[in-house]
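Residue strings, one per chain:
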Amino acid sequence: MQDLQLDIVTPYGQIFNDEIEAVYLPGKDGEFGVLSGHCAMLSLLQAGVIDIISKHGRSLVAINWGHVSISDNKVSVLADGAVCVNKESNSQISKALEQAKKLLEDASSDITMVAGALRKLDEI
């Protein structure tokens, strides 16, 4: 199976750019996954967590809102704000988790959605 190319960009720069196996996105109408061979589509994204599965492991990116374009095994996310949470070191993780939680809490008044996204972050 051919890998997907994932790019996550904010107005302040690139957050993530790598080949991945799968990605799960917080769509406006609910979470959805993308695998190799996915049909072309555009979708709005709500505040939540992008769950990235790659050969290197799992990464999480918290976003406040944005949109995604999927075409030809390329997934392009443009987010207004994003925080990447990787398993690099405990101090970096805790700092990134706090930033991600604040971003999510500030982004939405939907308590149920924010609680679900924060639960994903707490799994790390």
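Since the structure is predicted, the reported quantities are computational estimates derived from the model, not experimental observations.

Right, let's talk about the overall build of the chain for a bit. Of the regular secondary structure elements, the chain holds 2 helices and 10 strands. Looking at the 124 residues of the chain, the share that counts as buried comes to 44%. For the chain, the proportion of contacts with a sequence separation of at least 24, taken over those separated by at least 6, is 47%. Accessible area of the chain: about 6,800 Å², with a carbon and sulfur share of 50%.

Turning next to the pattern of salt bridges. Tallying each qualifying case throughout the model produces 3 salt bridges. The partner of Asp7 in a salt bridge is Lys74, and the shortest N-O contact between them spans 3.1 Å. Of this pair, Asp7 sits in strand S1 (residues 4–10) while Lys74 sits in strand S9 (residues 74–79), and the two are 67 residues apart along the sequence. Residue classification places Lys74 among the partly exposed residues on the basis of a relative accessible area of 37%.

Looking at where Ile52 falls in the secondary structure, it is placed in strand S6 (residues 48–54). In the structure, Ile52 is positioned 28 residues away from Tyr24 in sequence and 6.6 Å away in space, judged by C-alpha atoms. In this structure, Ile52 is in contact with Leu6, Ile8, Phe16, Ile20, Ala22, Val23, Gly57, Arg58, Ser59 and Val61, ignoring residues within four places of it in sequence.

Turning to unusual backbone geometry, a few remarks are in order. Residues other than glycine seldom take positive phi values, yet Asp72 does so here, at roughly 50°. If you trace the backbone, Asp72 turns up in the loop between strand S8 (66–71) and S9. Even without a glycine there, the phi angle at Asn73 is positive, about 60°. On the accessibility criterion, Asn73 (16% relative accessible area) is buried.

Its place among the elements puts Asp51 in strand S6. A distance of 2.9 Å separates a polar atom in the side chain of Asp51 from a polar atom in the side chain of Arg58.

Turning to its location among the elements, Ile63 is positioned in strand S7 (residues 57–63). C-alpha separation for the pair Ile63 and Ile50, spaced 13 residues apart in sequence, amounts to 7.4 Å.

To continue, consider the environment of Tyr24. Assignment of secondary structure puts Tyr24 in strand S3 (residues 22–27). Residues Tyr24 and Ile50, spaced 26 residues apart in sequence, show a C-alpha to C-alpha distance of 5.7 Å. The contacts of Tyr24, once residues within four sequence positions are left out, are Glu31, Phe32, Gly33, Val49, Ile50, Asp51 and Ile53.

Nonpolar side chains in soluble globular proteins tend to end up buried together. Core analysis: the largest hydrophobic core is formed by 20 residues, its most contacted members being Leu6, Val23, Leu25, Ile50, Ile52, Val75 and Val77. Listed by contribution, the elements that provide at least two residues to this core are S1, strand S2 (13–20), S3, strand S4 (30–35), S6, S7, S8 and S9.

Basis of the calculations
- Within each chain, residues carry numbers counting from 1 in the order of the written sequence.
- Per-residue local features of the predicted model are confined to residues with pLDDT of at least 70, and side-chain atom pairs are confined, for both listing and counting, to 80 or more; whole-chain, interface and lining totals are unaffected and use all residues.
- The basis for every side-chain value is the complete set of heavy atoms in the structure, and neither hydrogens nor water enter the calculation.
- A helix here means a DSSP run of H or I that spans at least four residues, while a strand means a run of E at least two residues long, and both kinds are numbered starting from the N terminus.
- Burial status follows relative accessibility: with a 1.4 Å probe on protein chains alone, a residue under 20% of its type maximum counts as buried, one over 50% as exposed, and anything between as partly exposed.
- Working rule for contacts: check all heavy atoms of both residues, and any pair within 4.5 Å makes them a contact.
- Accessible surface is estimated by sampling points in the Shrake-Rupley manner with a 1.4 Å probe; for residues, cover comes only from the protein chains shown.
- Salt bridges are counted wherever a side-chain nitrogen of Lys or Arg sits within 4 Å of a carboxyl oxygen of Asp or Glu.
- A 3.5 Å cut-off defines polar contacts: any pair of N or O atoms within that distance qualifies, except that in protein one atom must be a possible hydrogen donor and the other a possible acceptor, and neighbouring residues in sequence count only when both atoms are side-chain atoms.
- We define the nonpolar core as a collection of buried residues of types Ala, Val, Leu, Ile, Met, Phe, Trp, Tyr and Cys that are connected through side-chain atoms lying within 4.5 Å of one another.

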